[in-house]
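The lines below spell out each chain.
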Amino acid sequence: MIFADSHIHFYFEDFCDDLQECFDRAIKAGVQYMVIPNVDSDTIQPVSEICDRFPNNCFPSIGLHPTHVNENYKTDLQTMLKAANERHYYAVGEAGLDLYHDKTFFSEQIEVFETQIQLAKEKKLPLIIHSRDAFEETMKVLKRFDDGTLRGVFHCFTGSVEQAKRIVDLGFYLGIGGVVTFKNSKLWQVVEAIDLEHILLETDAPFISPDPYRGKRNEPAYIPLIAQRIATIKNISLETVAEKTTEQTLKLFGINDCRGK
């Protein structure tokens, strides 16, 4: 079986001592494709270095995370826009809105988000959306730009069935990660209600490890645990989950499918 991890931060210091070992474990687990979004101007280069190191398996995205929008946001935004023209990226993001951590620069978050949406439209790239405690605000911005060409994924989705349906109606995927394996999570209701064709797998590593590794560092080798939980909820085979979610990840991000080569 071949899996894809649609969201991982391999460049965080959590992996500095054993990046190669983590990568090897992912490949051994069947996780052949890994999308790596940066979060700010300082992480553009580390993302590029990792993707150049593992060019057949790691694919970069360029963006400015809403929690990294601060008094220097204009400089960071210009750095990101410049970098977007210097190499090929597979998505724009991690972009979006966040009212959970800090509301100080929320108007600036909206400005940065709008700029990244415009970049995605210009480059014909999908968006990787971060939305935390800001679902309605995020949808309001997206609706202003919705002309039928917007596409992407709401990463680390943990919302309601109603919210999930609105996202799908907009033409976006749901990124489902380790939370779906938690005993106290109601995310199973979303997975049960939404067709598999609208779901991507992700770890968001090093965060949000699935059970039985909850509380420990996450890594892409755990993707099959998330896939198995989805298979159980939907009463389908693990092979079906792997095949469909990998196919959808490759299609969304425009990754050449090398499985038959």
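Going by the structure above, here's the rest.
First, a word on scope: everything that follows refers to the structure included in this document. Keep in mind it's a predicted model, so treat the numbers as computed, not measured.

1. A closer look at the overall build of the chain
No. 1: Of regular secondary structure, the chain possesses nine helices and eight strands.
No. 2: Rg of the C-alpha trace for the chain: 17 Å, near the compact-globule value of 18 Å for 261 residues, within the 12% margin.
No. 3: Overall size of the chain, expressed as C-alpha extent along the three principal axes, is 45 × 40 × 35 Å.
No. 4: Taking all 261 residues of the chain together, the buried fraction comes to 55%.
No. 5: Put simply, of all contacts in the chain between residues at least 6 apart along the chain, 74% involve residues at least 24 apart.
No. 6: A total accessible area of about 11800 Å² is found for the chain, and carbon and sulfur atoms account for 46% of it.
No. 7: Across the chain, the mean location of the 28 positive side-chain charges is 4 Å away from that of the 39 negative side-chain charges.

2. A short note on the sheet that holds strand S8 (residues 199-201)
No. 1: Taking strand neighbours across the sheet as the criterion, the five strands line up as S4-S5-S6-S7-S8 in an open arrangement whose pairing is parallel. Both outer strands of the open sheet, strand S4 (92-98) and S8, are each paired with one neighbouring strand and no more. Averaged over all pairs of adjacent strands, the angle between their axes in this sheet comes to 30°, without regard to strand direction.
No. 2: Bridge analysis of S4 against strand S5 (residues 127-132) gives five bridges, and the strand direction is parallel. By the bridge assignment, alanine 95 is partnered in S5 with isoleucine 129.
No. 3: Against the sheet, helix H6 (residues 161-169) touches strand S6 (152-154) and strand S7 (172-176), its axis set at about 135° to S7.
No. 4: Seen against the sheet, helix H8 (residues 223-234) touches S7 and S8 and runs at an angle of roughly 150° to S8.

Here is what the cut-offs are and how they apply
Residues numbered from 1 in each chain as written. Predicted model: local features only at pLDDT ≥ 70, side-chain atom pairs only at ≥ 80, totals over all residues. Heavy atoms only, no water. Helix = DSSP H or I, 4+ residues; strand = E, 2+ residues; numbered from the N terminus. Rg over C-alpha atoms; globule rule 2.2 N^0.38 Å. Buried < 20%, exposed > 50% of the residue type's maximum accessible area, 1.4 Å probe, protein only. Contact = heavy atoms within 4.5 Å. Areas by Shrake-Rupley, 256 points an atom, 1.4 Å probe, with all protein chains shown as cover. Lys, Arg positive; Asp, Glu negative; His and termini not counted. Charge placed at Lys NZ, Arg CZ, Asp CG, Glu CD. Pairing = 2+ DSSP bridges. Axes fitted to C-alpha atoms, helices over the stretch in contact; angles between N-to-C directions.

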